[in-house]
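# Reading the structure
Spelled out from the first residue to the last, the chains are:
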Amino acid sequence: MIAHDIDAFVNCFANDFVGEQPLHPKQNVTGAEQVRKNWTGIFAQVPDLQAKLIAHTIAGDMGWSEWHWQGKHINSTEFNMRGVVIVGLRENTIAWARLYMEPVESLPE
């Protein structure tokens with residue numbers, strides 16, 4: 001993600017990957033090719049995307065990570081998301097994920 005290498009990024013996901021956004025179920029994703037499509041769009045729309053891994057842990061076949069994603073959209077608006085991603089791991093790939101990522105509210109100036 002940090003390198004914006006879509007092939008390396010997608011190789012992290014199982015072909016039958018299932019991604020859920022419990023707070024935004026219309027944005028759920030099925031399959032590694034849908035991951036490719038979505039993230040190709042994000043990399044194109046936020047070319048300076050930075051991803052900071054704040055904390056993470058793995059226990060058995062589950063992982064938990066806290067992220068801060070930042071950048072500028074090509075229209076100069078801010079991209080600023082923070083949250084938690086929980087993943088299920090299978091054979092060195094991400095088989096499923098639940099994303100709890102939300103926009104960061106701007107503070108008044």
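Up top is the structure these notes are about.
So, here's what we can say about the structure. Note that the structure is a prediction, hence the values are computed from the model and not measured. (Residues numbered from 1 in each chain as written. Predicted model: local features only at pLDDT ≥ 70, side-chain atom pairs only at ≥ 80, totals over all residues. Heavy atoms only, no water.)

### Points about the pairing of strand β6 (residues 93-103)
- Where strand β1 (residues 13-20) lies against β6, four bridges are found, and the strand directions are parallel. The residue bridging E20 from the neighbouring strand is R98, located in β6.
- Direction of pairing for strand β5 (residues 78-90) relative to β6: antiparallel, over a ladder of 10 bridges. Across the sheet, residue M81 finds its bridge partner in β6, namely P103.
- Linking β5 to β6, which pair antiparallel, is a turn of two residues; within it E91 sits at a positive phi near 50 degrees. (Pairing = 2+ DSSP bridges. Helix = DSSP H or I, 4+ residues; strand = E, 2+ residues; numbered from the N terminus.)

### A look at the side chain of N80
- For N80, the position within the fold is in strand β5.
- Relative accessible area serves as the criterion here: at 14%, N80 is assigned to the buried category.
- One polar contact links N80 to H68, side chain to side chain, over a distance of 2.6 Å.
- Ignoring anything within four residues of it in the chain, the contact list for N80 reads H68, W69, Q70, E102, P103 and V104. (Buried < 20%, exposed > 50% of the residue type's maximum accessible area, 1.4 Å probe, protein only. Polar contact = N/O pair within 3.5 Å; in protein donor to acceptor, adjacent residues only side chain to side chain. Contact = heavy atoms within 4.5 Å.)

### Some remarks on the side chain of T93
- On the secondary structure map, T93 appears in strand β6.
- Looking at T93, the relative accessible area reads 17%, which means it is buried.
- In this structure the side chain of T93 is engaged in a polar contact, spanning 2.7 Å, whose partner is the backbone oxygen of R90.

### A closer look at unusual backbone geometry
- Positive phi is not limited to glycine here, since H4 has a value of about 60 degrees.
- Within the element layout of this structure, H4 appears in the segment before α1 (6-10).
- The backbone of E91 shows a phi angle near 50 degrees, a positive value even though the residue is not glycine.
- Position of E91 among the secondary structure elements: in the loop between β5 and β6.

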